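Here are the chains, one letter per residue:
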Amino acid sequence: EKGGYDWFMLKEIAEQPAVVADTLRGRLTDTGQIVLDEVRLSDQDLRDVTKIFIIACGTSAYAGMIAKYAIEHWTRIPCEVELASEFRYRDPVLDRSTLVIAISQSGETMDTLMALRHAKDQHARILAICNTIGSTIPRESDAVLYTRAGVEIAVASTKAFLAQIVACYLIALHLASVRGVKWGDEVSLIVNQLREMPGKVDQVLDTMQPVRDLAREHLSDARQVLFIGRHVGFPVALEGALKLKELAYINAEGFAAGELKHGPIALIGQDTPVVAIVPSPAGRDSLHGKVISNIQEVRARGAKTIVIAEEGDEAVVPFADHLVRVPRTPTLLAPLVTTVPLQVLACEVAASKGLDVDQPRNLAKSVTVE
Ligand code: F6R
């Protein structure tokens, strides 16, 4: 049933191109329309939204962080992301015009469910992004957009994460279109690029052998690994670190690259590999150059660098001890390709240490206690 793979996790990583395609199917038409009639929130409800909260736990919360960048940029609606376990205990300000998006693979995570109930009591509208049909979170929500990742068996989430990100893009684009946000060239480009993402994820998967070698040869003895990124690369760094700690039991932390000098850089030494997620050089602002400076900073302190960067980005070459290429992708969509090598890396380090990749210690697939 593992389809020839050693682990369910490897099979699920390999399914990601299909999962991205399935989650888009029928919802993004050939003419570039977003069709989300299944989401039972009226256009009027969506026009009335003045504020969005995304609530989730773990990997699903990182999908939410990525969504925040897309939602605010495309819709101009203020959006906050919060860990479900924190949200409900701090008296958040919500009302009828607040849209709460609860993201959960299992649909049974108790912290997310309790946060959702709290939001409902305050009359917020609740939209679930969920992978499990008929589970509790979508049942208690006003509306649901299902991810189509299929059953995820490995405890560590991979394909569900990519599906959640895709679902978030669809919701953000739908909100923008319903609210009549000017559909500029950038958004048209995004819609076209979204269609190409299954192929790009596939391309990444085809080039993973060097990542596996790197994991075995250079990371299985590491005591600590740091991940850095900016913008959407920051939640990707957090996700890469979470995968490595939960699967390989290595102390791994993700940082916003700009925060390094405010403390974390003290952790860097020769025996601390740093994984850097580099944004597209074609992106806006000076993000790309900023991340390169951060890579130089850690290298100057002796760290070996594993750099995830776009094809054709030559500026990174002098600063990468190991270079992992991903296809060219607009900044906001890049997490769909940059996350994949980090999943493979964590899986391979864990396997090389002889650990149970599908069932890491102390973890459960569905966390139904608070
Ligand atoms: C990490 C992982 C967990 C889950 C979290 C939320 O690989 O799988 O962090 O993402 O427990 O679970 P769901 O999405 O089912 O609410």
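Overview of the structure.

Conventions and cut-offs
- Position numbers for residues start from 1 in each chain and track the written sequence from start to end.
- Two thresholds apply to this predicted model, a pLDDT of at least 70 for residue-level local features and 80 or more for giving and counting side-chain atom pairs, whereas whole-chain, interface and lining totals are computed over all residues.
- Side-chain metrics rest on all non-hydrogen atoms present in the structure, leaving aside hydrogens and water.
- Pairing between two strands is assigned when DSSP locates at least 2 bridges connecting them.
- Going along the chain from the N terminus, every DSSP run of H or I of four or more residues is numbered as a helix, and every run of E of two or more is numbered as a strand.
- To obtain an axis, a line is fitted to C-alpha atoms, over the contacting stretch when the element is a helix, and the angle between two such axes runs from 0 to 180 degrees between their N-to-C directions.
- Two residues form a contact once any of their heavy atoms are found within 4.5 Å.
- Only protein chains enter the calculation, and the probe is 1.4 Å; a residue is then buried if its accessible area is under 20% of its type maximum, exposed if over 50%, and partly exposed in between.
- Counting rule for charge: Lys and Arg are taken as positive, Asp and Glu as negative, and neither His nor the chain ends is counted.
- Just to be clear on terms, a salt bridge is a Lys or Arg side-chain nitrogen sitting within 4 Å of an Asp or Glu carboxyl oxygen.
- We define a polar contact as two N or O atoms separated by no more than 3.5 Å, with the added condition that, inside protein, one atom must be a possible hydrogen donor and the other a possible acceptor, whereas residues neighbouring each other in sequence contribute only through side-chain atom pairs.
- Regarding the arc, it is the one traced by the directions from the helix axis to the C-beta atoms.
- Being near a molecule or strand, for a residue, comes down to having at least one heavy atom within 4 Å of it.
- What sets the accessible areas is the Shrake-Rupley method with a 1.4 Å probe; for residues, cover comes only from the shown protein chains.
- Using protein atoms alone on a 1 Å grid, points that fit a 1.4 Å probe yet trap it form a cavity, whereas open point sets bounded by protein on both sides within 12 Å along at least five of seven lines form a pocket; residues with an atom within 4 Å of a point count as lining.
- Those molecules having more than half of their atoms within 2 Å of a cavity or pocket grid point set are described as sitting in that cavity or pocket.
- All residues other than Ala, Val, Leu, Ile, Met, Phe, Trp, Tyr, Cys, Pro, Asp, Glu, Lys and Arg, Gly among them, are scored as polar; the first ten of these are nonpolar and the last four charged.
- Whether two aromatic rings pair depends on their centres lying within 6.5 Å, for rings of Phe, Tyr and Trp, where Trp uses its six-membered ring; planes under 30 degrees apart make the pair stacked, over 60 edge-to-face, and the rest tilted.

**As for the sheet that holds strand S8 (residues 274-277)**
What holds strands together in a sheet is hydrogen bonding between their backbones, with the strands either parallel or antiparallel.
No. 1: Strand order across the open sheet formed by five strands is S7-S6-S8-S9-S10, with parallel pairing between neighbours. With partners counted over all chains shown, the strands left at the sheet margins are strand S7 (251-256) and strand S10 (322-326), one partner each. On average, each strand axis in the sheet is inclined to that of its neighbour by 20°, with strand direction left out of account.
No. 2: Each of strand S6 (224-229), S8 and strand S9 (305-310) is contacted by helix H12 (residues 287-300), which is oriented at about 165° to S9, the strand it contacts most.

**Comments concerning the sheet that holds strand S3 (residues 98-104)**
No. 1: Pairing in this open sheet of five strands is parallel, and the strands run S2-S1-S3-S4-S5 from one edge to the other. Looking at which strands have only one partner, the edges of the open sheet turn out to be strand S2 (79-83) and strand S5 (143-146). Strand-to-strand twist in this sheet, taken as the mean axis angle between neighbours without regard to direction, amounts to 20°.
No. 2: Note: strand S4 (residues 125-130) against S5, four bridges, orientation parallel. Looking across to S5, one finds that Ile129 is bridged to Leu145.

**Overview of the side chain of Glu12**
No. 1: You can see Glu12 is positioned in helix H1 (residues 8-14).
No. 2: Summary of buried charges: Glu12 has no salt-bridge partner, and the nearest side chain of opposite charge, Lys159, is 4.8 Å away.
No. 3: Polar side-chain contacts of Glu12 include one of 2.6 Å to the backbone nitrogen of Ile153.
No. 4: Polar contacts involving the side chain of Glu12 include one to the main-chain amide nitrogen of Ala154, which spans 3.3 Å.
No. 5: Not counting chain neighbours up to four residues away, the residues in contact with Glu12 comprise Val151, Glu152, Ile153, Ala154, Thr158 and Lys159.

**Digging into helix H2 (residues 16-24)**
No. 1: Burial in H2 covers these residues: Gln16, Pro17, Val19, Val20, Thr23 and Leu24. Seen from one end, H2 has its buried residues packed into an arc of 165°, which puts them on one side.
No. 2: If you follow the buried residues of H2, they end up packed against H1, helix H8 (159-178), helix H9 (185-206) and helix H13 (335-352).
No. 3: Once H2 finishes, Gly26 follows within two positions and takes phi at roughly 75°, a positive value.

**As for the site of the ligand**
No. 1: Surrounding the ligand, one finds 14 residues, the nearest of these being Ser60, Ser104, Gln105, Thr109 and Glu246.
No. 2: Contact with the protein chains covers 89% of the free accessible surface of the ligand, which is 410 Å².
No. 3: If you map the ligand onto the pockets, it falls in the largest pocket.
No. 4: Residue assignment for the shell around the ligand shows that the elements contributing at least two residues are helix H4 (58-75) and helix H11 (233-248).
No. 5: Here the residues of the shell around the ligand are counted per class, giving four nonpolar, eight polar and two charged.

**A short note on the packing of aromatic side chains**
No. 1: If you walk through the whole model with that rule in mind, you get two aromatic pairs.
No. 2: With a centroid separation of 5.9 Å and 55° between ring planes, the pair formed by Trp74 and Tyr169 is classed as tilted. Here Trp74, found in helix H4, pairs with Tyr169, found in helix H8; they are 95 residues apart in sequence, far enough to count as distant.
No. 3: What makes Trp74 buried here is its relative accessible area of 2%.

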